[in-house]
Structure formats: structure tokens, C-alpha cells
Amino acid sequence: MNYRCYASCAFGIEGILAGELRELGFGNVSAQDARVYFDADEKGIAKANIFLRTADRVYLVLKEFRATTFDDLFEGVAAIPFGDFMPSDARFPVDGNAVRSTLGSVSDVQAITKKAVVTAMQRVYPKERFEENGSMFNLYVNLLKDQVTIALNTSGMGLNRRGYRLKNAQAPLKETLAAALIIISQWRTRDFYDPLCGSGTIAIEAAMRAANMAPGLKRRFDAQGYGNEFRKEFAEMREYAQSLLRQPEMEIFASDIDRKTLNLAREHAHNMGVAQYIRFSRKDVREFVQPDRPASVITNPPYAVRMGEEKEVARLYQAMGEVLRPLDDTLVFIITADDRFESKYGAAADKRRKLYNGSIKCTYYQYFRKKR
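Conventions we followed
Residues numbered from 1 in each chain as written. Predicted model: local features only at pLDDT ≥ 70, side-chain atom pairs only at ≥ 80, totals over all residues. Heavy atoms only, no water. Pairing = 2+ DSSP bridges. Helix = DSSP H or I, 4+ residues; strand = E, 2+ residues; numbered from the N terminus. Axes fitted to C-alpha atoms, helices over the stretch in contact; angles between N-to-C directions. Contact = heavy atoms within 4.5 Å. Buried < 20%, exposed > 50% of the residue type's maximum accessible area, 1.4 Å probe, protein only. Salt bridge = Lys/Arg side-chain N within 4 Å of Asp/Glu carboxyl O. Disulfide = S-S within 2.5 Å. Left-handed = near helix turned anticlockwise from the far one by under 90°. Nonpolar A, V, L, I, M, F, W, Y, C, P; charged D, E, K, R; others polar.

Draft legend 1. Region of the structure containing the sheet that holds strand β14 (residues 360-367). Taken in spatial order, the 7 strands of this open sheet run β10-β9-β8-β11-β12-β14-β13, and their pairing is mixed. This sheet does not close on itself; its edge strands, each paired only once, are β10 (278-282) and β13 (351-357). This sheet shows a mean twist of 20° between the axes of neighbouring strands, independent of strand direction. Of the pairings in the sheet, the one linking strand β8 (residues 191-194) to strand β9 (residues 252-256) comprises 3 bridges and is parallel in character. Across the sheet, residue Asp 194 finds its bridge partner in β9, namely Ala 254. Sheet strands touched by helix α5 (residues 175-185): β11 (295-299), β12 (330-336), β13 and β14. Its angle to β13, the strand with the most contacts, is close to 165°.

Put into C-alpha cells, the structure is as follows:
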């Protein structure tokens, strides 16, 4: 069966996600703010969940309609034949949001939606109440300018949860954003370096990409509990993803001055099964030297987010510039929330891109120039 779906994402990477979907062979792809729509059947939903690197979640759209009153909302939701695809013991929590809509109370929208789903279920299952102890069918109701979208969250927990980062270092970079940084850099064959690797997220995402490892290979998705067809397609898609694994052709280096954080990075790489592809070392970024071969540096240095950190971070950015600017045939990509980064680094970027690291507005500074 064919469905209209959308994948949610962070602001600023909609184009990257749309490119991923097209590359995976999906049709009718169209991007909006923080989401990209596409068409997919059960096999496609499994493919999107397992293979997308920059999406937050994959949603299956059940219905779209206009609502300016709670009666409109109730009737619109209750008309969806939930009992046809949800078992009587299904768990169906309701999440949602409302933007520039008459129905501005999200909690009331959730409550009315939940009540309408129960009414729809009772048309098939003659029960007073539902135990909700079976498979998860997490519903998401979105109101934008009085337009309602009712969708199923097929992913469950966010797709950034690859299954390797069980512990977090300070100010972790989201896995999906790390993947986006790599895609934006167009890194493919050069040796890879992250000289401020922290808990290892960028290097691990690079190793996964180099090994052609699907990011969802090691985790479960809610849609696997939707029935036999979905269960079969996810199992087959996982086997297909496993068959695509390959040995990386380039070298991947990750270093950090903090021993504890570096040990955590090694643990995360081991959890994902890519530790053998990454050469970790304890090193200050000031010790970075000219790579032997053409290279790309992608890193997420500390931000001055607390009082008293400004001078320390400014000295770090200056030191980064002193060691990275003179390098031959080395492309450098740095994401930071500091809007005065270039002056501290000592060079204007060739290209900049606005991105969000969680709620923190950042700039991705890209340096393409090569020393002659």
C-alpha cells in the first residue's frame, strides 16, 4: 500500500534530507520547514527508517483536514478507521504541536484527539476502555494555520538514537547533525580528521558512511509492531543493509586532549561496530600537523556558553587557526555558535551555513582554499 509520509529534521538541513530521499529512490519529494514529504509503501518506510542519516523521525500521514473548533478536530480524527489497522490492545499516546492556529492549547488538542481515536476504535472493538499494553502506535497531531495533520510516528525514538551513544559527554552533537555536516562537506575519498572529537560522534558517523553502514542497522522501530507486512519488510531491509557493508578506503583519525572523553569515544565506536576503522589518539589540537595525503577536517570545538569561558575558547580558536590555516590540500569545516569565530580563527570562511545544534543557533564555517 502506498502512503504519503514525511521525515522531520532540524531547521536548515531540509535540502540535505530531500537529497538523501531522492538518492534512496523515493518519489514526490517536497521540503517544508523542518520536514520533507515523500511517497512510500511498507518497504519504503522500512528503508527510510533504516537508511536516512539526517532525519529525526519518519511519519506516516493518516489524514489532513482543516479545524477551527474542537468539534472539527474531533470529527476529523474520529472519521479515521483506526480499528482497521490498530489492534485492540494498541498503545496510542498522542503528541502534538500548534502554530498560528485557532486551537492553540496543545494539551487540549492532544486530549480531544485521544478521545476521538477511542471513539473510532469502539466502532470495531465494542469495549468501554482500552488497556493499551500492546504494540506502540504513537500519534502526532500537527496544527499549522488551522490545517491539521494526523500522522503515525513509525520510528519511535528519534533516528539520532543509533544505539551507540549510551553516555553523553558535555554538550554532545546530535548524530543526525554530525551526519549532515559530513554530507555538506562532500567528503568521500580524502582522509578524515576530527582533532577535537569529544565523545566521537562526527568520527563515528564518518566511519559509518565510509563503511556504507546504514545508521538504523542496530536499532528497533515502532513500525515493526504494525503487523506482519511491516515486520517482514523491516527484517528484509535490515538484511539488505547488512549486505552493503564494505571496508573503508580512507583513513579516519580522531583525537582529543581529554582522556576520559576519548575513552568514551572509543566505547561509542565499539558499540556501533566501527572502532576498527578509527584511529583514536590523545592529542592537543595545537599538535595537529600536515596530513600525508589529501584530507578533510570536520570538527565541533567547544562553545563559550558559560560565564568565564570566552577567553579560553578565544585562545583555542586562535590556536586552531594557527595550525589549520597553513595546511596543504586540507579542507576544513568547523561548526560553532560563536558569531565572531572568523576573527579569532584568523581567516574568513569561503562559505557559511546556518544550522542548529539542538536549540543553539550555529554557523558551519567552510574553508576550501589550498596553500600554493
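Draft legend 2. Looking closely at the pairing of strand β7 (residues 147-153). With 6 of its 7 residues buried, β7 lies for the most part within the structure. Relative to β7, strand β4 (residues 57-66) is paired through 7 bridges, and the arrangement is antiparallel. Looking at β7, one finds that Glu 64 is bridged to Thr 149. Between strand β6 (residues 139-144) and β7, which pair antiparallel in sequence order, lie 2 residues; one of them, Lys 145, sits at a positive phi of approximately 55°.

Draft legend 3. Up close: the pattern of salt bridges. All chains considered together, the criterion is met by 15 salt bridges. One salt bridge connects Lys 232 with Glu 233, and the closest N-O pair in it is separated by 3.3 Å. Accessibility expressed as a relative area gives 10% for Glu 233, which makes it buried. Across the salt bridge formed by Arg 352 and Glu 342, the nearest N and O atoms sit 2.8 Å from each other. Of the two residues, Arg 352 is situated in strand β13 and Glu 342 in helix α10 (residues 341-345); the sequence distance between them amounts to 10 residues. Since its relative accessible area comes to 45%, Arg 352 is described here as partly exposed. One connected set of salt bridges, linked through shared partners, spans Lys 232, Glu 233 and Glu 236.

Draft legend 4. Structural detail: the state of the cysteines. Scanning all chains against the criterion turns up 0 disulfides. Just so you know, Cys 5 is unpaired, no disulfide at all, and the nearest cysteine sulfur is the one on Cys 9, 15 Å from it. Judged by relative accessible area, which is 0%, Cys 5 ranks as buried. The structure places no disulfide on Cys 362, whose sulfur is separated from the nearest cysteine sulfur, that of Cys 9, by 16 Å.

Draft legend 5. Highlighting the packing of helix α3 (residues 70-78) against helix α4 (residues 106-122). Two elements in contact, α3 and α4, have axes separated by 8 Å at closest approach and are oriented at 40°. Of the two possible hands of crossing, α3 and α4 adopt the one that is right-handed. Of α4, the residues touching α3 (which contributes Phe 70, Leu 73, Phe 74, Val 77 and Ala 78) are Asp 108, Val 109, Ile 112, Thr 113, Lys 115, Ala 116, Val 117, Thr 119 and Ala 120. Here the residues of the contact of α3 with α4 sort into 10 nonpolar, 2 polar and 2 charged.

Function-wise, these values are silent; they only describe arrangement.
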